[in-house]
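Working through the structure, step by step
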Amino acid sequence: MKTRVPAKKAAGRKAAGKRVAVLGAGSWGTTFAKILADGGADVVLWARRPELAREIQEAKRNSDYLPGVNLPLNLRATSRLDLALAGAEQVYISVPSQSLRENLAIIAPHLHAQASVVSLMKGVEKSTGKRMSEVIAEVLRIDPAQIAVISGPNLALEIAKEQPTAAVVSSTSLETAQAVASVARNRYFRSFVNTDVIGTEFGGVLKNLIAVAIGIVDGVGYGENTKASIITRGLVEMTDFAVAYGAHPETLAGLAGLGDLIATSQSPLSRNNTAGRLLGQGYHLNDVVNQMQQTTEGLASVGPILELARAMGVDMPIVEQVRQVLAGTLDPKDIAPHLTTDDEPQGERTIDGQAQSGSAVRRAFQRAFDQLRYGGRGAPGDRP
Ligand SMILES: NC(=O)C1=CN([C@@H]2O[C@H](COP(=O)(O)OP(=O)(O)OC[C@H]3O[C@@H](n4cnc5c(N)ncnc54)[C@H](O)[C@@H]3O)[C@@H](O)[C@H]2O)C=CC1
Ligand SMILES: O=C(CO)COP(=O)(O)O
């Protein structure tokens, strides 16, 4: 059993002066650069637009993405990728998932061969269905042990205001995860580690889809019962899916699953939740996309996730109804996916939280559920 453990206390000292780069100066990239700089690392943030790099470098502000936030004086910014990457031992990437491949092509020539590459993104590639760590491994052709991903309940603006939270750093190499976690932490941001990259990454992708569903029912005007039902059943869908692809169910019960699902589903700061709310209010998808100024990963992930689910025989009734609302084939007010049991065999989907007979996936979920319910223990990484 792979468990999450807190990054070692002494590790904080390892951050001091460590040269790292953050690529992508949107809301999360800029916030993460602040997290790292406040933890003592020597951070250079890469912004595509020279004027944005200048604003961050000179005024210590990113007024478009993080209005009202003062960035640390020790945070540097540049629009030159070669300068951002020169000497960087850890490289954190925070660009829209659909642009990762093209960004990696321009990153590759400047990347230090031994550098750890850390994905901060929460999407899958639309054309291939691949997770971000898979795209990174494929394009950069680096050892998977050099790759880490970070996920958790991490709404950028709250963290930029130094409201405390936690996240999971995951790598197939525990050593890499710990090295990254020791740098990506400070007084308001705590990093736990695990080696379940699949579960950690899919948790971040899947909660976006459930957050869109919650936004839709919010927009329609339904209340807390509907939302609580969708969150609960949504977690079952997330777990079924991720476990089918090799994740540990505990990961989905932890910060990268349930934790992020709660944060994203209930916050107006969430772009996925906001997009859903607009759809629920009757706006057409094209209008919603035009209105969203920032990356809304869930809208691009619905298609590939449903394809991946079909390939494994995983039912995702909530995500399927989100797809139908996006396609305009389902009236948002008819979204009640957790209630649709008519066409399913008796005793399967109607049993809350219980495994479907004959399915290894559902049996695995059942074990996790039993552990949570009867063992009195949460996800290992959530314990101090
Ligand atoms: N904002 C948040 O609260 C959090 C976001 N994330 C994830 O971080 C990733 C980035 O999201 P945000 O920073 O929020 O997005 P954003 O929309 O605020 O910023 C995206 C940044 O990527 C840059 N970029 C680089 N290449 C690009 C290209 N080819 N096309 C478009 N933009 C390009 C943009 O200029 C922009 O600075 C997403 O996968 C998101 O799910 C994860 C945790 C929290
Ligand atoms: O991932 C996030 C919070 O953990 C941010 O969610 P949104 O992309 O929906 O804003």
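Everything numeric in this text was worked out from a predicted model, so none of it was measured.

Here we take up the layout of surface pockets. Counted as a void, the largest pocket has a volume near 970 Å³. Only helix H1 (27-38), helix H4 (100-107), helix H6 (156-160), helix H8 (197-220), helix H11 (255-266) and helix H12 (271-280) provide two or more residues apiece to the lining of the largest pocket. In terms of residue class, the lining of the largest pocket is made up of 16 nonpolar, 16 polar and 8 charged. Residue contributions to the lining of the largest pocket reach at least three from each of two domains, namely domain 1 (19-195) and domain 2 (199-341).

On to the site of ligand 1. As a matter of local geometry, ligand 1 sits amid 24 residues, with Glu102, Ala156, Arg271, Thr295 and Glu297 nearest to it. Glutamate 297 places a polar side-chain atom, nitrogen or oxygen, 2.5 Å from an oxygen atom of ligand 1. If ligand 1 stood free it would expose 820 Å²; the protein chains cover 88% of that surface. When atom positions are compared with the pocket grids, ligand 1 is found to occupy the largest pocket. Those elements giving two or more residues to the shell around ligand 1 turn out to be H1 and H4. No other element matches the 3 residues that H1 contributes to the shell around ligand 1. Classifying every residue of the shell around ligand 1 gives 9 nonpolar, 10 polar and 5 charged.

The subject of this paragraph is the environment of glycine 257. Summarising the element assignment, glycine 257 is placed in helix H11. In this structure, the C-alpha to C-alpha distance between glycine 257 and glycine 221, residues 36 residues apart in sequence, is 26 Å. Setting aside its immediate chain neighbours within four residues, glycine 257 contacts Met238, Thr251 and Leu252.

Moving on: the packing of aromatic side chains. All told, the structure shown has 6 aromatic pairs when counted by the stated rule. Here the aromatic rings of phenylalanine 32 and phenylalanine 189 are separated by 5.7 Å at their centres, their planes lie at 85 degrees, and the arrangement is edge-to-face. With phenylalanine 32 in helix H1 and phenylalanine 189 in strand S9 (residues 189-194), this pair connects stretches of sequence that are 157 residues apart. Relative accessible area serves as the criterion here: at 0%, phenylalanine 32 is assigned to the buried category. A relative accessible area of 0% means that phenylalanine 189 is categorised as buried. What links up through ring pairs into an aromatic cluster is the set Trp28, Phe32, Tyr92 and Phe189. When the ring centre of phenylalanine 202 is taken as origin, the NZ or CZ atom of arginine 131, which lies over that ring, is 5.6 Å away.

Turning next to the UniProt feature "active site" (unreviewed entry) in the chain. Under the UniProt annotation, "active site" (unreviewed entry) lies at Lys207. Along the chain, the position of lysine 207 falls in helix H8. Overall, the relative accessible area of 6% leaves lysine 207 in the buried class. Apart from the residues within four sequence positions on either side, lysine 207 is in contact with Lys122, Met238, Asp260, Leu261 and Thr264.

The next thing to look at is the domain arrangement of the chain. Structurally, the chain comprises domain 1 (19-195) and domain 2 (199-341). Placing the centre of domain 1 and that of domain 2 at their C-alpha centroids yields a distance of 25 Å. Contact residues are listed per partner, giving 29 residues for domain 1 and 25 residues for domain 2. Ranking the residues of domain 1 by area buried against domain 2 places Lys122, Pro153 and Leu155 at the top, with a combined share of 27%. Connecting domain 1 to domain 2 are 2 salt bridges. When the shortest N-O distance is used, the salt bridge between aspartate 260 and lysine 122 registers 2.7 Å. For the interface between domain 1 and domain 2, the tally reads 8 residue pairs in polar contact (both at pLDDT 80 or more). Every element with two or more residues in the side of domain 1 that touches domain 2 is listed here: helix H5 (132-140), strand S7 (147-151), H6, strand S8 (165-170) and S9. It is S8 that provides the largest number of residues to the side of domain 1 that touches domain 2, a total of 4 residues. Here the side of domain 1 that touches domain 2 is built from residues that sort into 13 nonpolar, 11 polar and 5 charged.

In this section: the site of ligand 2. Close to ligand 2 lie Lys122, Gly152, Pro153, Asn154, Leu155, Lys207, Asp260, Thr264, Leu269, Ser270, Arg271 and Asn272. The separation between an oxygen atom of ligand 2 and a polar side-chain atom of lysine 122 is 2.8 Å. Asparagine 154 places a polar main-chain atom, nitrogen or oxygen, 2.9 Å from an oxygen atom of ligand 2. Considering ligand 2 on its own, with 300 Å² of exposed area, one finds that the protein chains cover 92% of that surface. Assessed atom by atom at 2 Å from the grid points, ligand 2 resides in the largest pocket. Of all the secondary structure elements, the ones that give two or more residues to the shell around ligand 2 are H11 and H12. Broken down by class, the residue content of the shell around ligand 2 amounts to 3 nonpolar, 5 polar and 4 charged.

Attention shifts here to the environment of alanine 88. Tracing the backbone through its elements, the reader meets alanine 88 in the loop between helix H3 (81-85) and strand S5 (90-93). The spatial distance from the C-alpha of alanine 88 to the C-alpha of valine 22 is 9.5 Å, given a sequence separation of 66 residues. If we skip the residues at most four places from it in the chain, alanine 88 touches Arg19, Val20, Ala21, His112 and Ala115.

Within S7, 5 of the 5 residues are buried, which leaves it mostly tucked inside the rest of the structure. Of the two faces of S7, the one holding Ile147, Val149 and Ser151 and the one holding Ala148 and Ile150 are both buried throughout. Bridge count for strand S6 (residues 116-119) against S7 is 3 bridges, and the pairing is parallel. Its bridge partner lying in S7, valine 118 is registered against alanine 148.

The rules behind the values
- Residues numbered from 1 in each chain as written.
- Chains lettered and ligands numbered in written order.
- Predicted model: local features only at pLDDT ≥ 70, side-chain atom pairs only at ≥ 80, totals over all residues.
- Heavy atoms only, no water.
- 1 Å grid on protein atoms, 1.4 Å probe; cavity = no way out; pocket = protein on both sides within 12 Å on 5 of 7 lines; lining within 4 Å.
- Points joined across faces, edges and corners; volume = space filled by probe spheres on them.
- Helix = DSSP H or I, 4+ residues; strand = E, 2+ residues; numbered from the N terminus.
- Nonpolar A, V, L, I, M, F, W, Y, C, P; charged D, E, K, R; others polar.
- Domains from an automatic or database assignment.
- Near = heavy atom within 4 Å.
- Polar contact = N/O pair within 3.5 Å; in protein donor to acceptor, adjacent residues only side chain to side chain.
- Areas by Shrake-Rupley, 256 points an atom, 1.4 Å probe, with all protein chains shown as cover.
- Sits in = over half its atoms within 2 Å of the grid points.
- Contact = heavy atoms within 4.5 Å.
- Phe/Tyr/Trp six-rings, centres within 6.5 Å; stacked < 30°, edge-to-face > 60°.
- Buried < 20%, exposed > 50% of the residue type's maximum accessible area, 1.4 Å probe, protein only.
- Lys NZ or Arg CZ within 6 Å of the ring centre and 35° of its normal.
- UniProt positions renumbered as here; feature names shortened; annotations may be inferred.
- Buried area = accessible area lost by both parts, 1.4 Å probe.
- Salt bridge = Lys/Arg side-chain N within 4 Å of Asp/Glu carboxyl O.
- Pairing = 2+ DSSP bridges.

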